[in-house]
Amino acid sequence: MNEKTFSMKRRAFLFGAASAATGLAIGPAFAQKFAFDDQSEWTQSYDSGTNSRLARSSTPLLSQETVAATEQAIASLRDAVARGGWGTVQAGQRLRLGSKGPAVVALRQRLAASGDLQASGGAQDVYDSYVEAGVKRFQQRHGLNATGTLNNQTIAAMNVPAATRLRQMETNLVRLRSLSGNPGRRYAVVNIPAALVETVADNHVVSRHAAGVGKIDRQSPIMNAKVTQVNFNPFWTVPASIIRKDLIPKMRKDPNYLTDQKIRIYSNGVEIPPSQVNWNSTEATRYMFRQDPGADINSMGFVRINIPNPHGVYMHDTPARGVFGDDFRFVSSGCVRLQNVRDYVAFLLQETPGWNPQTIQAAIDSGERIDATLSTPLPIYWTYITSWATPEGVAQFRDDIYNRDGLGPAAAMAAAAAEETGPAH
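Residues numbered from 1 in each chain as written. Predicted model: local features only at pLDDT ≥ 70, side-chain atom pairs only at ≥ 80, totals over all residues. Heavy atoms only, no water.

Draft legend 1. Here's a closer look at the overall build of the protein chain. Along its length, the protein chain carries 12 helices and 17 strands. Expressed as a percentage of the 425 residues in the protein chain, the buried residues total 54%. Across the protein chain, every contact between residues at least 6 apart in sequence was considered, and the portion connecting residues at least 24 apart equals 71%. (Helix = DSSP H or I, 4+ residues; strand = E, 2+ residues; numbered from the N terminus. Buried < 20%, exposed > 50% of the residue type's maximum accessible area, 1.4 Å probe, protein only. Contact = heavy atoms within 4.5 Å.)

Dropping the structure here:
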């Protein structure tokens, strides 16, 4: 099963468990205060969906401003729940521009309930540019590709009950409060559920980077650490877990795999040929595997970023940049892959003498292994925040991909059933 197919199945299961009806669409109070997108506030012109534009927020995730905004969003969600929550959208339909009928009316009500669509915009039973813009807005704030088409993943996210979203945000507020006291003047944040990296200086976001993070069965750890060094054109020494889980099975299927990937085997510092290893056993785990440098094939691309930690993880570039366009980026063995790694490295080395964008590019272009040690190690926080809000009035939600919120599929199903049948006695 490929990653995209798995993404669709995972989302359908995760969100579909919480799709019971929760009441009719609520009034405009909640909708006017908080609306949602990925990292941006939407400035909308509802006379045409194509005129909708994004204004990116510069507020750091780990800040008192985000804490205060999240507290306000929780108050609005509590009001929404007290009003009966929001309606659901029927599963199994693909509405798009030009669609008509009662299903579009229900979609409009759902979008209006969460502030993604002005209730007065356009004809009520037509999927017009107003609705398309509202769907895009909803998709962005839930970490989905903003297609403007109502697909299964979007429907599943819409059908998560308001009460479940409230509990999710309350859980994450505790995390935000614990991390937002004094993260530092300059620091970086990896938000694992959002698969996003943020750099911050003087309480202002400098850059954001799409990331590839740990798979469900090879999770990226939650940790506070410091970035100490950048390695340009690095070798990649294959971790023992990947030798066992990946290389041995691949060599059983294709004896040329290591040669094609420019991965060499060493025993006590001496290179040995792949044919000398018994791939039908665990013998390979006794050897060191190292991939030659070269961004076209090396798993770390141009750059490795060292973060001393007990988990043995780090950050790096990647030759497989297509993953950054996916909404499901849980693809690594625990390390973090970075989009636009040059900008990230420039931030890391900004206060290290002798380094600037020009010298960084020259180091990459040299093709040689060059190490740059930060003059002051940079604090970095690998966090797990699935819900938060910005001062612009934008609340955001992500999949609880590692089931750390306690609201995974089973919990979501129980919550939905409770809302449908009433409280247990």
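So much for the structure itself; the text now carries on.
Draft legend 2. Quick peek at the sheet that holds strand β10 (residues 288–291). On the basis of which strands lie adjacent, the open sheet formed by four strands has the order β7-β10-β8-β9 and antiparallel pairing. A strand with exactly one partner marks an edge of an open sheet, and here the two such strands are β7 (236–237) and β9 (270–272). Strand direction decides the pairing type here: strand β8 (residues 263–267) and β10, joined by four bridges, are antiparallel. Looking at the pairing, I263 lines up with Q291 of β10. (Pairing = 2+ DSSP bridges.)

Draft legend 3. Focus on the pattern of salt bridges. Inspection of the entire model under this criterion finds 14 salt bridges. Between E351 and R185 there is a salt bridge, and its shortest N-O distance comes to 2.6 Å. Here E351, found in the loop between α10 (341–348) and α11 (357–366), pairs with R185, found in the loop between α7 (162–179) and β3 (186–191); they are 166 residues apart in sequence, far enough to count as distant. Assessed through its relative accessible area of 46%, R185 is described here as partly exposed. Residues joined in a network through salt bridges with shared partners are R185, R186, D202 and E351. (Salt bridge = Lys/Arg side-chain N within 4 Å of Asp/Glu carboxyl O.)

Draft legend 4. The arrangement of the nonpolar core in detail. F232, F289, I305, M315 and I380 are the most contacted members of the largest nonpolar core, which has 58 residues in total. In contact with M315, not counting residues within four places along its chain, are V190, V197, V303, R304, I305, I307, V336, L338, Y344, I380 and W382. In terms of nonpolar packing, the next biggest core, distinct from the first, is built from 26 residues, A73, L77, V189 and I385 among them. (Core = buried A, V, L, I, M, F, W, Y, C linked by side-chain atoms within 4.5 Å.)

Draft legend 5. A look at the side chain of R208. The topology assignment puts R208 in strand β5 (residues 204–214). In terms of polar contacts, R208 uses its side chain to reach the backbone carbonyl oxygen of S57, at 2.7 Å. In terms of polar contacts, R208 uses its side chain to reach the side chain of E198, at 3.1 Å. (Polar contact = N/O pair within 3.5 Å; in protein donor to acceptor, adjacent residues only side chain to side chain.)

Draft legend 6. The arrangement of α7 in detail. For α7, spanning 18 residues, the distance from its first C-alpha to its last is 26 Å, which sits close to the expected 26 Å at 1.5 Å a residue. Residues of α7 that are buried include every one of A162, A163, T164, R165, L166, Q168, M169, N172, L173, R175, L176 and L179, and no others. (Expected span 1.5 Å × (residues − 1).)

Draft legend 7. View of the environment of L111. Within the secondary structure layout, L111 lies in helix α4 (residues 102–113). Accessibility expressed as a relative area gives 1% for L111, which makes it buried. C-alpha separation for the pair L111 and F138, spaced 27 residues apart in sequence, amounts to 7.6 Å. Apart from the residues lying within four places of it in its own chain, the contact partners of L111 are D116, L117, V131, G134, V135, F138 and M158.

Draft legend 8. Fine view of the packing of helix α3 (residues 64–82) against α7. Across the interface, α3 lies against α7 with an axial gap of 9 Å and an inter-helix angle of 160 degrees. One way to sum up the angle between α3 and α7 is to call them roughly antiparallel. Along this stretch, α3 crosses α7, giving a crossing that reads as left-handed. Along its contact with α3, which presents T66, V67, T70, E71, A73, I74, L77, R78 and V81, the element α7 presents A162, A163, R165, L166, M169, E170, L173, L176 and R177. The residue inventory of the contact of α3 with α7, partitioned by class, reads 11 nonpolar, two polar and five charged. (Axes fitted to C-alpha atoms, helices over the stretch in contact; angles between N-to-C directions. Parallel < 35°, antiparallel > 145°, perpendicular 65-115°, else oblique. Left-handed = near helix turned anticlockwise from the far one by under 90°. Nonpolar A, V, L, I, M, F, W, Y, C, P; charged D, E, K, R; others polar.)

Read these as geometric descriptors, not functional statements.
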